[in-house]
Amino acid sequence: MNQPIIQSSTRADEAFDCLQTAIITGELAPGEKIGELELCNRFELTRGPLREALGRLESRGLLVRRPHAGVKVVSVSAEELMELYRIREVMEGLAARQAAERMTDEEIRALQETLDAHEKMIEEAKGQAYYQAEGDYDFHHRIATGSRNTKLAQMLLGDLYYMVRMYRYRLSTSAGRPHMALGEHRHIVEALARRDGELAEFLMKRHINAARQNIEKKIKEGVLTI
């Protein structure tokens, strides 16, 4: 009796992972209208797991459903994206400061090991991409949870987290940016290891500010469309 439920749940998880990755990487572009039949054919999915996956993606803010207009991938204007990055700059700066004070030595060592894995991934991509899976493999996710500030983590890891990931990935494919971002991450972890909250906050804010300025530049050059 339980086996079909387990199989269905697994298929739904696979459909969710498949579609979320497609959204994050831009295979399903911001603002793109999507239909169930098209998605089933395109990603070799079946209707039941697909519908469950669409509901989960909608709850994460990655899809929006409009009456008489169907389902679309979420999109934001350039101005809204800049506002999101300014919010991140302040909030993640605070998270880094508190992580320096509250993360254990073991957690910081594990974060350093995660960055080592990131470096290998960047090398495998020949320096052309820096894709971080969500959760513990994501540097920014680890800093947010490491802050031990429940309210702050909830704000950073809610809809804001998933929406920003779409644009973080597209930015990470800019020439030279993957290695630069990794270096910035390593400097932040060094500040955490030294328990220097003030420096960790400064470096995190500078890191996100640099990303925002890079986005603004790409938009002006027409390389990045929003």
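Residues numbered from 1 in each chain as written. Predicted model: local features only at pLDDT ≥ 70, side-chain atom pairs only at ≥ 80, totals over all residues. Heavy atoms only, no water.

Chemist: Describe in detail the nonpolar core, supporting the description with residues and values.
Modeler: If you look at the biggest cluster of nonpolar residues, it comprises 66 residues, and the most contacted ones within it are Leu19, Leu28, Ile143 and Leu192. Residues within four places of Leu192 in sequence aside, it is in contact with Ala96, Ala99, Ala100, Met103, Ile108, Leu111, Ile143 and Ala200. (Core = buried A, V, L, I, M, F, W, Y, C linked by side-chain atoms within 4.5 Å. Buried < 20%, exposed > 50% of the residue type's maximum accessible area, 1.4 Å probe, protein only. Contact = heavy atoms within 4.5 Å.)

Chemist: Give a description of the pairing of strand 2 (residues 63-66) that names residues and reports values.
Modeler: Where strand 2 and strand 3 (residues 70-73) come together, four bridges link them in antiparallel fashion. Following the sheet pairing, Arg66 is matched in strand 3 by Gly70. Two successive antiparallel strands, strand 2 and strand 3, enclose a turn made up of three residues, where His68 displays a positive phi of approximately 65°. (Pairing = 2+ DSSP bridges. Helix = DSSP H or I, 4+ residues; strand = E, 2+ residues; numbered from the N terminus.)

Chemist: Any chance you could break down helix 10 (residues 197-221) for me, citing the residues and the numbers?
Modeler: Taking 1.5 Å of rise per residue, 25 residues should cover 36 Å, and helix 10 covers 36 Å from first to last C-alpha, within 8% of that figure. Of the residues one or two after helix 10, Gly222 is the one with positive phi, at around 80°. (Expected span 1.5 Å × (residues − 1).)

Chemist: How would you sum up empty space enclosed by the protein? Please name residues and give values.
Modeler: All chains considered together, the criterion is met by two cavities of 30 Å³ or more. In this model, the second largest cavity occupies a volume close to 80 Å³. Along the walls of the second largest cavity sit Arg88, Glu92, His140, Ala144, Leu156, Leu157, Leu160, Tyr161, Val164, Arg165 and Arg168, which together make up its complete lining. Of all elements in the fold, only helix 4 (78-102), helix 6 (139-146) and helix 8 (159-172) reach the threshold of two or more residues within the lining of the second largest cavity. No other element matches helix 8, which puts five residues into the lining of the second largest cavity. Tallied by class, the residues present in the lining of the second largest cavity amount to six nonpolar, one polar and four charged. (1 Å grid on protein atoms, 1.4 Å probe; cavity = no way out; pocket = protein on both sides within 12 Å on 5 of 7 lines; lining within 4 Å. Points joined across faces, edges and corners; volume = space filled by probe spheres on them. Nonpolar A, V, L, I, M, F, W, Y, C, P; charged D, E, K, R; others polar.)

Chemist: Any details on the sheet that holds strand 1 (residues 33-34)? Residues and values, ideally.
Modeler: Through backbone hydrogen bonds, the strands of a sheet pair up, either in parallel or in antiparallel fashion. In space, the three strands of this open sheet follow the order 1-3-2, with antiparallel pairing throughout. Pairing within the sheet leaves two strands with one partner each, and these edge strands are strand 1 and strand 2.

These results come straight from atomic positions and should not be treated as a statement about function.
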